[in-house]
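Structural features, examined
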Amino acid sequence: MIKVRVEFLGGLDVVFSKQRVHDLTIDAEELSMQGLIDYIVQNLITNKNDVDVFLEDDNIRPGIITLINDTDWELEGEMEYEVCDGDVISFTSTLHGG
Amino acid sequence: MSWVRPTDPVNVPKKLKVSQLCEICHSRKAVLKRPKNLQKVCKECFFYVFETEIHNTIVSNNVFYRGERVAIGASGGKDSTVLAYLIKLLNERHNYGIDITLLSVDEGIVGYRDDSLATVMRNQKQYNLPLEIVSFKELYDWTMDEIVAVAGIRNSCTYCGIFRRQSLDRGAEKLEIQHVITGHNADDMAETVLMNILRGDIARLEKSTAIITQSKGSPIKRSKPFKYAYQKEIVLYAHYKKLDYFSTECTYAPEAFRGTARELMKNLEAVRPSCIIDIIHSGENLVLKDENERKKKQFTKNKNQEKATSAKKSTFVDGNRCEKCGYLSSNKICKACTLLADLEKSRSKITLENDTSMEGAARVMRTLEHLSF
Ligand code: SF4
Ligand SMILES: [Zn+2]
Ligand SMILES: [Zn+2]
């Protein structure tokens with residue numbers, strides 16, 4: 001079991017039932033960021049047409065900042081990062097509002 | 001909708017590798033790689049360099065003078081929220097000696113602007129700054145909601161943009177402030193440069209990279225202290241500082257963030273982050289020929305087709321005033337007044353239609369009159 005807190009900020013919450021904070025308990029021994037993102041797409045996006053607000057070509061859409069425990073995920077190995085119990089992972093859109 | 005403070009991480013790495021350290025202080029964990037130079041920095045060093053760069057931009061361009069009164073165009077969004085926070089901070093830290101007021105425009109969009117104004121009002125308290133709100137309704141007797149009802153959703157941003165620009169000026173004038181600063185950032189500017197190049201809009205291209213702009217004859221100047229600040233860093237700054245900003249998309253622009261020049265920019269940035277600053281520098285270095293010479297050439301070229309209008313046009317340059325409202329305009333009647341006149345026409349038409357449909361009896365009579373036996 002891996003407990004992880006996922007946050008959708010900067011207006012991204014619109015495609016996640018307007019809920020910014022999601023506390024997830026994922027039944028797995030190991031979980032990579034790729035696995036977490038697959039989980040998010042399958043379980044948290046209510047309308048499948050909204051997937052491309054979050055992803056582009058199977059990667060996080062450019063313009064969304066992904067932070068792992070407040071560190072830019074590009075410093076943490078991106079999709080290969082192994083998610084740890086208690087991690088806080090946030091996705092912040094820089095494209096919304098202004 | 002109220003604001004939710006982002007969660008502070010609880011998992012802290014125990015042992016740091018040298019490659020994970022900040023390249024400035026070499027002691028704390030790096031949290032981001034700066035897009036403009038790929039330097040890895042920790043939170044504290046990021047705050048310091050980001051704030052210092054904005055300060056340097058302000059000082060080297062003489063953006064403010066001591067004793068100046070300045071209005072910050074505040075929408076409650078990320079850029080203007082960070083701007084308000086930072087300008088207040090830098091004014092205190094470096095003693096600019098400026099007097100700051102928040103200036104907001106209420107376009108009258110239910111479910112969007114009323115929420116974002118609530119954010120501005122919280123900011124006002126958080127930063128302890130005076131706030132002035134001017135509304136489309138009071139200035140033009142139209143809310144954006146009413147405009148969309150008669151003019152349709154497709155043109156909403158055209159109306160909104162023109163009225164907002166004028167409203168900020170009018171708000172500043174009301175406060176007797178002659179300097180409005182806005183949160184336009186490097187991404188916005190690079191996007192504008194790209195669009196003006198794509199459109200071949202030479203006149204705008206020259207203006208688009210200026211940090212301070214002022215029209216001839218206008219008492220109000222505008223400036224963009226975030227000209228060189230990346231959108232990504234502004235958002236991260238707001239995130240790490242836990243600033244309260246509003247990020248709901250406007251009701252009339254549900255698709256605005258898809259398939260735009262912004263998208264092109266984001267994809268370019270993903271490949272090479274420095275491209276945003278590079279595009280701005282390109283825009284700045286595109287030195288154009290003397291304006292008069294260019295106009296002369298163009299004039300001879302388009303002489304025939306422009307003959308009819310040229311005499312009228314050449315007498316109205318930037319610096320004239322609108323005959324109707326007195327606002328600065330390059331035409332006899334300013335854009336806002338032209339749009340307003342169109343709107344009034346549609347309003348009376350719609351009122352008429354509504355009247356007939358409401359007066360059921362009269363309508364039946366008229367329908368009967370048209371029936372021929
Ligand atoms: S998106 Fe909304 S607020 Fe922005 S210009 Fe268009 S109508 Fe106005
Ligand atoms: Zn550091
Ligand atoms: Zn006018």
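What counts as what
Residues numbered from 1 in each chain as written. Chains lettered and ligands numbered in written order. Predicted model: local features only at pLDDT ≥ 70, side-chain atom pairs only at ≥ 80, totals over all residues. Heavy atoms only, no water. UniProt positions renumbered as here; feature names shortened; annotations may be inferred. Donors = N, O, S within 2.8 Å, 3.2 Å for Na, K, Ca; no water. Tetrahedral: all angles 85-135°; square planar, octahedral: opposite > 155°, others 65-115°. Helix = DSSP H or I, 4+ residues; strand = E, 2+ residues; numbered from the N terminus. Buried < 20%, exposed > 50% of the residue type's maximum accessible area, 1.4 Å probe, protein only. Near = heavy atom within 4 Å. Nonpolar A, V, L, I, M, F, W, Y, C, P; charged D, E, K, R; others polar. Pairing = 2+ DSSP bridges. Contact = heavy atoms within 4.5 Å.

Chain B appears in an unreviewed UniProt entry as Cytoplasmic tRNA 2-thiolation protein 1 from Kazachstania africana. Taken directly from UniProt, the Subcellular location (unreviewed entry) text for chain B runs: "Cytoplasm". The UniProt entry for chain B carries this comment under Pathway (unreviewed entry): "tRNA modification; 5-methoxycarbonylmethyl-2-thiouridine-tRNA biosynthesis."

An unreviewed UniProt entry lists chain A under the name Ubiquitin-related modifier 1, with Kazachstania africana given as the organism. According to the UniProt record, the Subcellular location (unreviewed entry) comment for chain A reads "Cytoplasm".

Here's the deal with the coordination of the zinc ion (ligand 3)
All names here are of chain B. In this structure, Cys322 (SG), Cys325 (SG), Cys334 (SG) and Cys337 (SG) serve as the protein donors to the zinc ion (ligand 3), at separations of 2.2 to 2.3 Å. Geometry at the zinc ion (ligand 3) is tetrahedral, judged from its four donor atoms and the angles of 107 to 114 degrees they form at the metal. On the primary sequence, the residues serving as donors to the zinc ion (ligand 3) are separated as C-x2-C-x8-C-x2-C. Of the two residues, cysteine 322 is situated in the loop between strand E9 (320-321) and strand E10 (328-329) and cysteine 334 in the loop between E10 and helix H13 (335-358); the sequence distance between them amounts to 12 residues. For the pair cysteine 322 and cysteine 334, a shared accessibility class is recorded, and that class is buried.

Points about the site of ligand 1
Taken together, the residues surrounding ligand 1 are Ile109, Tyr112, Cys157, Cys160, Arg164, Cys250 and Ala253 of chain B. Taken together, the residues that form the shell around ligand 1 break down as six nonpolar, no polar and one charged.

Structural notes on the coordination of the zinc ion (ligand 2)
All names here are of chain B. Each protein donor to the zinc ion (ligand 2) is listed here as Cys22 (SG), Cys25 (SG), Cys42 (SG) and Cys45 (SG); together their distances run 2.3 Å. One can describe the site at the zinc ion (ligand 2) as tetrahedral: its four donor atoms subtend angles covering 102 to 114 degrees at the metal. Between consecutive donor residues of the zinc ion (ligand 2), the sequence gaps follow C-x2-C-x16-C-x2-C. For cysteine 45, a relative accessible area of 9% puts it in the buried group.

Examining the pairing of strand E5 (residues 64-68) of chain A
Residue and element names in this part refer to chain A. The buried count for E5 comes to five of five residues, which makes it a mostly enclosed element. What you see with E5 is no split at all: Ile64, Thr66 and Ile68 on one side and Ile65 and Leu67 on the other are buried throughout. Sheet analysis places E5 next to strand E7 (residues 87-93), joined by five bridges and oriented antiparallel. Residue leucine 67 lies in a different strand from E7, and its bridge partner there is serine 90. Across two bridges, E5 lies against strand E6 (residues 71-72) in antiparallel orientation. Across the sheet, leucine 67 pairs through a bridge with aspartate 72, a residue of E6.

Quick look at the environment of leucine 340 of chain B
Residues and elements named next belong to chain B. Among the structural elements, leucine 340 can be located in helix H13. The exposure class of leucine 340 is buried, given its relative accessible area of 16%. When the C-alpha positions of leucine 340 and isoleucine 147 are compared, they lie 9.5 Å apart, and in sequence the two are 193 residues distant. Setting aside residues no more than four positions away along its own chain, leucine 340 makes contact with Tyr140, Trp142 and Phe163.

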